[in-house]
Amino acid sequence: VIPGWFSEISPMWPGEAHSLKVEKILFQGNSEYQKVMVFQSSTYGKVLVLDGVIQLTERDECAYQEMIVHLPLCSISNPKKVLVIGGGDGGVLREVSRHSSVEQIDICEIDKMVVDVSKQFFPAVAVGYEDPRVTLHIGDGVAFLKAVPEGTYDAVIVDSSDPIGPAQELFEKPFFESVARALRPGGVVCTQAESIWLHMHIIEDIVKNCRQIFKGSVNYAWTTVPTYPSGVIGFMLCSTEGSPVDFKHPVNPIDANDSHSKSKGPLKFYNSEIHTAAFCLPSFAKKVIDPK
Ligand code: AAT
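Notes on the structure follow. Keep in mind that what you see is a predicted model, and the values were worked out from it rather than measured.

So, how was this worked out
- Residues numbered from 1 in each chain as written.
- Predicted model: local features only at pLDDT ≥ 70, side-chain atom pairs only at ≥ 80, totals over all residues.
- Heavy atoms only, no water.
- Helix = DSSP H or I, 4+ residues; strand = E, 2+ residues; numbered from the N terminus.
- Expected span 1.5 Å × (residues − 1).
- Buried < 20%, exposed > 50% of the residue type's maximum accessible area, 1.4 Å probe, protein only.
- Contact = heavy atoms within 4.5 Å.
- Pairing = 2+ DSSP bridges.
- Axes fitted to C-alpha atoms, helices over the stretch in contact; angles between N-to-C directions.
- 1 Å grid on protein atoms, 1.4 Å probe; cavity = no way out; pocket = protein on both sides within 12 Å on 5 of 7 lines; lining within 4 Å.
- Points joined across faces, edges and corners; volume = space filled by probe spheres on them.
- Nonpolar A, V, L, I, M, F, W, Y, C, P; charged D, E, K, R; others polar.

1. Things to note about helix H7 (residues 200-213)
So, point 1. The end-to-end C-alpha separation of H7 is 20 Å, in line with the 20 Å expected for 14 residues at 1.5 Å each.
So, point 2. Buried within H7 we find Met-200, Ile-202, Ile-203, Ile-206, Val-207, Asn-209, Cys-210 and Ile-213.
So, point 3. Buried residues belonging to H7 abut helix H6 (173-182), strand E11 (218-224), strand E12 (232-239) and helix H9 (283-289).

Quick look at the structure:
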């Protein structure tokens, strides 16, 4: 550990640790669920850390939040009801609210401290909470989904932390089963699905479970996020049986102008070309995820 630097050390990426130079620690607290920290970095703006793991930085959060939302929502026409699990910082809400067809946005985040800290230190992210379509539920996403009436949502977005800690069950088969139940026929889910460089075994497991549960399409996509372990992170995109969804060819392109508002700012990362490109896999990953 280098003095004055933050190093992200975890058994989920043994033998490596990405580091950022710390200008100032702005917040440290213990919630009921995890350690919460915010610091000002020299080169990535403010950084939100949970249990020693980077959740977002001001500089590169767009690459994650825009992709986890617009990959699913641009793949179906007229999404109306959207559920977000995790994502307490509000960045996913900010992106969902760019879609004018959406009428209802529910979010279930387990940790109220994440919400409060984001509102205090990350106003450009927490701006998502200002949309009147948003209802916040504080609680466990697993329990929340079990209580959702069948066929409620057009899209579910699972913006979850890594499977060590409170998010563990969000990577397990029973959770995916309740997501499928909560979706209407032809509805879509997009979940945080870790790194092809570090977590092929986790991804293989998720893919296997999802192929059994989701009778529409099942695809893996990925994006680059320099401050996430290995610099990339992926998403599992699935649809339920019903009108078929072709994730690789967006039917609901988002108009950069429509989605722009003074408080939200413009899209920085997502466009229709990168949407399609995100599904191209390196050969080593394709062999496991999508063998022909
Ligand atoms: N949008 C930024 C990135 C995140 S946030 C993940 C959120 O999931 C956290 O706020 C955490 O409190 C919440 N969470 C964890 N478990 C649950 C649960 N069971 N129910 C509801 N919310 C939960 C993801 C960062 C990815 C990091 C990659 N290394």
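Next comes the rest of the description.
2. Looking at H6
So, point 1. All buried positions along H6 are accounted for by Phe-175, Phe-176, Ser-178, Val-179, Ala-180 and Ala-182.
So, point 2. Looking at the buried residues of H6, the elements they touch are strand E6 (81-86), helix H5 (141-146), strand E9 (153-159), strand E10 (183-192) and H7.

3. Re unusual backbone geometry
So, point 1. Even without glycine at this site, Glu-194 takes up a positive phi of about 60°.
So, point 2. With respect to the element layout, Glu-194 can be found in the loop between E10 and H7.

4. A short note on the sheet that holds strand E5 (residues 53-57)
So, point 1. Taken in spatial order, the five strands make up an open sheet running E1-E2-E3-E4-E5, and their pairing is antiparallel. In the strand order of this sheet, the two ends are held by strand E1 (5-7) and E5, each with one partner. The mean angle between the axes of side-by-side strands here comes to 40°, regardless of whether they run parallel or antiparallel.
So, point 2. Across five bridges, the pairing between strand E3 (residues 35-41) and strand E4 (residues 46-50) is antiparallel. Bridge pairing in E4 places Val-38 opposite Leu-48.
So, point 3. Packing against the sheet, helix H3 (residues 112-121) makes contact with strand E2 (19-30), E3 and E4, and its axis sits at approximately 125° to E2.

5. Observations regarding the sheet that holds strand E8 (residues 134-138)
So, point 1. In space, the seven strands of this open sheet follow the order E8-E7-E6-E9-E10-E12-E11, with mixed pairing throughout. With partners counted over all chains shown, the strands left at the sheet margins are E8 and E11, one partner each. For this sheet, the mean inter-axis angle between neighbouring strands, taken without regard to orientation, is 15°.
So, point 2. When E6 meets E9, the two strands line up parallel, connected through five bridges. Within E9, the position partnered with Val-84 by the bridge is Ile-157.

6. Description of empty space enclosed by the protein
Over the atoms a probe the size of a water molecule is rolled, and this reveals where empty space is left.
So, point 1. One pass over the full model with this rule turns up two cavities of 30 Å³ or more.
So, point 2. For the largest cavity, the calculated volume is near 450 Å³.
So, point 3. Of all the elements in the fold, those that place two or more residues in the lining of the largest cavity are E4, E5, helix H1 (61-73), E6, strand E7 (104-109) and E12.
So, point 4. For the lining of the largest cavity, the element with the highest residue contribution is E5, accounting for four residues.
So, point 5. Tallied by class, residues from the lining of the largest cavity come to 18 nonpolar, 13 polar and seven charged.
So, point 6. Here the second largest cavity is characterised by a volume of approximately 40 Å³.
So, point 7. Lining the second largest cavity, in full, are Val-158, Ser-160, Leu-170, Phe-171, Phe-176, Thr-191, Gln-192 and Ile-206.
So, point 8. Partitioning the lining of the second largest cavity into residue classes produces five nonpolar, three polar and no charged.

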